[in-house]
Amino acid sequence: MRFTPKKGSLYRKYLITVLLAACVPILLMGTLLYAILTNRMVKEMNSSHKKQLNQTTQRFDDYLSQLELFLGRLTLEPALNYSLESTDFVQNFEKTKEIDRSLSLMQNSNPLIQEVALYVRSSGTLLSSEAGFRQVQSPQDREPFEKLLSQDKDIFWNDAVRSTTASPPRQAMIVKLKQSIYDVHAYGAVIVYINNKFLNQFLYNMAAEDGFAVLLDPTGSVVASSSMIRSGQLSPTLIKEAVTSRQKQVSQTYKLNDRSYSVSYGTMSRLGNQWTYLSATPVSSIMKPVDFIFTMIAGISLAGLMTALPLSWFASKSMYKPLRRLIGLFHKDSEMDASDEAVYIERQWTMLLKQQQSLETKVKESIPSLRDSLLMQFLMGHLFYLNEEELLHKLKVLDWDVENRRFSFIVFQLSGMIGKESVSEEDEPMISTAHLNIIQELCSAKFDRVYVQNYHDVTVGAMIALPWDVTDEDAHKQLLELAETASATLSSVLKMQVTVVIGKTADTLVEAPDYLEETKNALKYRDLNVSHQILLVHELNPAGGSSITYPFEIEKSIIFALRTGNEEEASNSLQLFMNTVQAQSGSPLLIQQASMKLLGSVHEAVLKSGVNMMELYEGANLYEDIMQMTEPSEVLEWFKSCVFAPFLTAVHSSQELQVANIVQQVIQHLEQHYMDDLTFEAIADAYGIGMSKLSRAFKQATGATYTDYLIRLRLERCKELLVTTDLKIHEIADMLRYQPAYLIRIFKKFEQMTPGQYREHHTA
């Protein structure tokens, strides 16, 4: 519900002030009128007549001023341009209609205008707001209009302009139309006919009772009158004096036709001519109202006082209404507790000023966080649509002016506590915060424009805005000093291994996200076997270095352990795998690549075992997960919990332990006696298990059928004999219980080359 405040003392003050302002002048006016009206009545009436003359002259001057302004704008009217000279008004009906509409609007724009006509010299066309369209064909008909166009003035008055109809000539203003002000010849004219009826009526309304009023032109001729007065009926002396007077307003007494008149006249210069307005009022008419006025003064004064009372109440209420609305805006829950509205508003205004100051303080305090948020979004690539100028402007608004600056980048990463393999998950947030605070303090102490970003993985990146005149050599030197100081501080305070990467220097701000990302990606090339190291992006050579041997044999052991459900063997082999890779290269990138290769082999084993991989890993993108890891210990634990555990669970649930043991025994038997003539049926009978069951379990454990597995064992023996002995192909085939042709065919099928090619390739 809207609050309506009670009226206080200020409202009463308003009411009293308005009453005094309304009533006191009325009382004083009545008293003064009674005191001085007797002796000065005639003079006051003359003065009143003079004021009436002023008003009348002013009103008439306003009409003429509007007409003058209207005539001046005619030359700017779009419809009356130079194209009229070449316009065919008969064919171009739309143009003719548009001009006719414009002329009608011109006619109605000023009561002094009776008719507006357009004459076009080239086509002899006459368009009128009253008479419409017609052609002026004969030279005799064109002559009056041609005389108008031959005048020297561009805008002038004419007492006898030929009418567009058969009526007698009329008074009019003529505006010549030219292509430019420098042209001598006009291509047409606009004729504005004066409304004499309106002028006569206007003078009639302005004339006093029993009096008359006339309008004279510069020659003394009557242009208009209130009662059909002719020039001959007026005193020549009066006309001459009125026309030649240099005073704008004169009031005198003249005797005309044996009757005394109070004559007032005034002059005005408009439309290029001087006009004289003359008003005459009989002296008897002036004195006639005096007696009645005396009797009415008291009544008028009393009526004025009675009228002033409700008007004062209404005026004070209207004056108080905005104040009342303002109080209503200030009001919250309780009524106004001050009897003086001004005191209440002052108190509320002071409270608002304090709130404003508090908000300004909060805005200033929030600028750093807003700036950090903007920079974080920008460096993450979310503001790619902003250009250099827009970025600089936004940062300048947030009190971070980096115009004429170069930008350097440096990344700090903690990889593990000294003497320990990794940091616990509980300690990581605390260490990450301490890491961020240390870097911020060190960077702020050395540079005046620094933004530090926390990646929440014990990695912190910094963008440093350096002065434009700092060279690359000086920038590198300053960043190297910062890197050494930060490395020593972090190692001493947090007892952790530190890797610092110094990036390149960017000349523009829009390049910053790419440069910072390049600097952060360079962490992949650090050596995990080194505790503290400083890397320079421009010195890194990812394509160089010694060759790395991938541990295929250990990978086979891992896959075999997983297929047979041997969790302990799989974990031990995985540990050996990671140690072997890390011993060859401490680069996180190479460890990551080796881990992805191992993950692919595990996926292949899963598919060969017949397990649905999407269900096994619940649709997780394991490759995306492993891309986020750089620490060997983290990768090791992830393989055990996220990759091996689900597969081993599936293996254990899909085969019985007895079958697994039998398969293990069969595999061991084949590895020892693969040179013998071993049929699958004989093996199944020997271990007392059905052929189909053994076949499924054997394939699940090895990823291959019994025949393929036996062939691979024999082919491995064949490859060994090819490399280590000089035996012929048929001799090796006899040892393996194969025909030479069959041996060559299956060897090429599995190894993509013949035995002879294999021997040449491996003994060269």
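See the structure shown above.
Criteria and thresholds
- Every residue gets a number counted from 1 within its own chain, in the order that chain's sequence is written.
- In keeping with the model being predicted, local features are shown solely for residues with a pLDDT of at least 70 and side-chain atom pairs are shown and tallied solely at 80 or more, while totals for entire chains, interfaces and linings include all residues.
- Values reported for side chains reflect all heavy atoms of the structure, with hydrogen atoms and water molecules removed beforehand.
- Going along the chain from the N terminus, every DSSP run of H or I of four or more residues is numbered as a helix, and every run of E of two or more is numbered as a strand.
- In this scheme, a residue with accessible area under 20% of its type's maximum is buried, one over 50% is exposed, and one in between is partly exposed, where area comes from a 1.4 Å probe on protein chains only.
- Here a residue-residue contact requires only that any non-hydrogen atoms of the pair lie within 4.5 Å.
- In this analysis, rings of Phe, Tyr and Trp, with Trp reduced to its six-membered ring, are considered paired at centre separations within 6.5 Å, and the interplanar angle assigns stacked below 30 degrees, edge-to-face beyond 60, and tilted for intermediate values.
- The pairing criterion for strands is at least two bridges between them, as found by DSSP.
- Remark: nonpolar core denotes a set of buried residues (Ala, Val, Leu, Ile, Met, Phe, Trp, Tyr, Cys) joined through side-chain atoms within 4.5 Å.
- Whenever a helix is involved, its axis is fitted only over the stretch in contact; in every case the axis is a line through C-alpha atoms, and angles between N-to-C directions fall within 0 to 180 degrees.
- Polar contact is defined as a pair of N or O atoms within 3.5 Å, subject to the rule that within protein one atom must be able to donate a hydrogen and the other to accept it, and that residues adjacent in sequence are counted only when both atoms are side-chain atoms.
- The patch calculation keeps residues exceeding 30% relative accessible area without a salt bridge and links them within 9 Å when they carry like charges or within 5 Å when they are nonpolar (Val, Leu, Ile, Met, Phe, Trp, Tyr).
- With residues, only the protein chains shown are counted as cover, and all accessible areas are computed by Shrake-Rupley using a 1.4 Å probe.
- Any carboxyl oxygen of Asp or Glu that lies within 4 Å of a side-chain nitrogen of Lys or Arg is treated as forming a salt bridge with it.
- Handedness of a crossing follows from how the near helix is turned relative to the far one, being left-handed for an anticlockwise turn of less than a right angle and right-handed for a clockwise one.
- Three classes are used: nonpolar for Ala, Val, Leu, Ile, Met, Phe, Trp, Tyr, Cys and Pro, charged for Asp, Glu, Lys and Arg, and polar for all others, with Gly counted as polar.
- This arc is taken over the directions from the axis of the helix to the C-beta atoms.

1. Overview of the overall build of the protein chain
Part 1 of the reasoning: When its secondary structure is counted, the protein chain shows 24 helices and 16 strands.
Part 2 of the reasoning: Split into buried and exposed, the 764 residues of the protein chain put 42% on the buried side.
Part 3 of the reasoning: When contacts within the protein chain are restricted to residue pairs at least 6 apart in sequence, those whose partners lie at least 24 apart make up 63%.

2. A look at the packing of aromatic side chains
The geometry of an aromatic ring pair is captured by the separation of the ring centres together with the interplanar angle, meaning the angle of the planes.
Part 1 of the reasoning: Under the counting rule described, the total for this entry stands at 10 aromatic pairs.
Part 2 of the reasoning: Judged by centre distance (5.3 Å) and plane angle (75 degrees), the rings of Trp638 and Phe639 are edge-to-face. Each member of the pair, Trp638 as well as Phe639, carries the same accessibility label: buried.
Part 3 of the reasoning: Put simply, the rings of Phe680, Phe698, Tyr706 and Tyr709 pair up and form one aromatic cluster.

3. Considerations on the pairing of strand β15 (residues 496–506)
Part 1 of the reasoning: Counting buried residues along β15, nine of its 11 residues qualify, which places the element largely inside the surrounding structure.
Part 2 of the reasoning: Examined bridge by bridge, β15 and strand β16 (residues 533–536) share four bridges and lie parallel to one another. Counted as the bridge partner of Thr499 is Gln533 from β16.

4. Details of the nonpolar core
Part 1 of the reasoning: Core analysis: the largest hydrophobic core is formed by 39 residues, its most contacted members being Leu67, Leu84, Ile99, Leu118, Val190 and Val192.
Part 2 of the reasoning: Per-element tally for this core: the top contributor is helix α1 (residues 9–74), with six residues.
Part 3 of the reasoning: Counting residues in each nonpolar core, the second largest holds 34 residues, with Leu599, Val611, Val643 and Ala650 among its members.

5. Concerning unusual backbone geometry
Part 1 of the reasoning: One non-glycine residue, Asn404, lies in positive phi territory at about 55 degrees.
Part 2 of the reasoning: Within the secondary structure layout, Asn404 lies in the loop between α8 (388–397) and β12 (405–417).
Part 3 of the reasoning: Unlike most non-glycine residues, Lys495 shows phi in positive territory, near 55 degrees.
Part 4 of the reasoning: Structurally, Lys495 can be placed in the loop between α10 (472–494) and β15.
Part 5 of the reasoning: The partly exposed category is assigned to Lys495, whose relative accessible area is 47%.

6. Describing the sheet that holds strand β5 (residues 170–177)
Part 1 of the reasoning: Spatially, β3-β2-β1-β6-β5-β4 is the arrangement adopted by the six strands of the open sheet, whose pairing is antiparallel. This sheet does not close on itself; its edge strands, each paired only once, are β3 (132–135) and β4 (155–161). Ignoring strand direction, the axes of neighbouring strands in this sheet form an average angle of 25 degrees.
Part 2 of the reasoning: For strand β2 (residues 125–128) and β3, the ladder comprises four bridges, and the chain directions are antiparallel.

7. Remarks on the side chain of Lys176
Part 1 of the reasoning: When you line up the elements, Lys176 lands in strand β5.
Part 2 of the reasoning: Here Lys176 falls in the buried class, since its relative accessible area comes to 5%.
Part 3 of the reasoning: Of the polar contacts made by the side chain of Lys176, one reaches the backbone oxygen of Leu149; its length is 3.3 Å.
Part 4 of the reasoning: Only 2.5 Å separates the side chain of Lys176 from the backbone oxygen of Gln151, close enough to count as a polar contact.
Part 5 of the reasoning: Other than its neighbours up to four places away in sequence, Lys176 contacts Leu148, Leu149, Gln151, Asp152, Lys153, Asp154, Phe156, Ala186, Gly188 and Ala189.

8. Regarding a nonpolar patch on the surface
Part 1 of the reasoning: On the surface, Ile16, Leu20, Val24 and Leu28 cluster together into a nonpolar patch covering about 370 Å² of accessible area.
Part 2 of the reasoning: Considering the arrangement of structural elements, one finds Leu28 in helix α1.
Part 3 of the reasoning: For Leu28, a relative accessible area of 52% corresponds to the exposed category.

9. Things to note about the pairing of strand β6 (residues 188–194)
Part 1 of the reasoning: When you tally the buried positions in β6, you get seven out of seven residues, the bulk of the element.
Part 2 of the reasoning: Of the two faces of β6, the one lined by Gly188, Val190, Val192 and Ile194 and the one lined by Ala189, Ile191 and Tyr193 are each fully buried.
Part 3 of the reasoning: As defined by bridge partners, strand β1 (residues 113–120) adjoins β6 across seven bridges and the pair is classed as antiparallel. Among the inter-strand pairings, Val116 is bridged to a residue of β6, identified as Val192.
Part 4 of the reasoning: Relative to β6, β5 is paired through six bridges, and the arrangement is antiparallel. Paired with Ala172 across the two strands is Tyr193, which belongs to β6.

10. Quick notes on the packing of helix α9 (residues 428–446) against α10
Part 1 of the reasoning: Interaxial distance between α9 and α10 falls to 10 Å at its minimum, and their mutual angle equals 145 degrees. α10 is crossed by α9, and the crossing has right-handed handedness. Contacts from Ile431, Ala434, His435, Ile438, Ile439, Leu442, Cys443 and Lys446 in α9 reach Gln478, Glu481, Leu482, Thr485, Ala486, Thr489, Leu490, Val493 and Leu494 in α10.
Part 2 of the reasoning: Residues belonging to the contact of α9 with α10 are distributed by class as follows: 11 nonpolar, four polar and two charged.

11. Side note on the packing of helix α13 (residues 567–584) against helix α14 (residues 588–608)
Part 1 of the reasoning: Close contact between α13 and α14 brings their axes to 10 Å; oriented N to C, the two are set at 145 degrees. For the pair α13 and α14, the crossing hand works out as right-handed. Contacts between α13 and α14 involve Leu574, Phe577, Met578, Val581 and Gln582 on the former and, on the latter, Ile591, Ala594, Ser595 and Leu598.
Part 2 of the reasoning: Taken together, the residues of the contact of α13 with α14 sort by class into seven nonpolar, two polar and no charged.

12. Things to note about the side chain of Glu115
Part 1 of the reasoning: Inspection of the secondary structure assignment puts Glu115 in strand β1.
Part 2 of the reasoning: A polar side-chain atom of Glu115 sits 2.2 Å from a polar atom in the side chain of Ser128.

13. Things to note about the pattern of salt bridges
Where charged atoms from two side chains of opposite charge come close, those side chains can pair.
Part 1 of the reasoning: Taken as a whole and judged by the stated rule, the model has 12 salt bridges.
Part 2 of the reasoning: Of the charged contacts, one joins Lys147 and Glu143 as a salt bridge, the two residues approaching to 3.6 Å between their closest N and O atoms. In this pair, Lys147 and Glu143 are both assigned in helix α3 (residues 139–149), four residues apart and thus about one turn of the helix distant.
Part 3 of the reasoning: With relative accessibility at 42%, the residue Glu143 sits in the partly exposed group.
Part 4 of the reasoning: The partner of Glu518 in a salt bridge is Lys504, and the shortest N-O contact between them spans 3.5 Å. Of the two residues, Glu518 sits in helix α11 (residues 512–521) while Lys504 sits in strand β15, which places them 14 residues apart along the sequence.
Part 5 of the reasoning: For Glu518, a relative accessible area of 32% puts it in the partly exposed group.
Part 6 of the reasoning: When its relative accessible area of 36% is taken as the criterion, Lys504 is described as partly exposed.

14. Overview of the environment of Ile683
Part 1 of the reasoning: Within the fold, Ile683 resides in helix α19 (residues 680–687).
Part 2 of the reasoning: In this structure, the C-alpha to C-alpha distance between Ile683 and Val666, residues 17 residues apart in sequence, is 7.5 Å.

15. A few points about helix α4 (residues 196–206)
Part 1 of the reasoning: Those residues of α4 that sit buried are Leu199, Phe202, Leu203 and Met206. End-on view of α4: buried residues confined to an arc of 95 degrees, all on one side of the axis. Every exposed residue of α4 that faces more than 90 degrees away from the buried side is listed here: Lys197 and Tyr204.
Part 2 of the reasoning: Structurally, the start of α4 carries an N-cap: the backbone nitrogen of Lys197 is 3.3 Å from a side-chain oxygen of Asn195.

16. Remarks on the environment of Ala186
Part 1 of the reasoning: Along the polypeptide, Ala186 turns up in the loop between β5 and β6.
Part 2 of the reasoning: The class for Ala186 is buried, based on a relative accessible area of 5%.
Part 3 of the reasoning: Separated by 66 residues in sequence, Ala186 and Val120 have C-alpha atoms that sit 9.3 Å apart.
Part 4 of the reasoning: Discounting residues that sit within four places of it in the chain, Ala186 has contacts with Arg121, Leu149, Lys176, Leu177 and Lys178.

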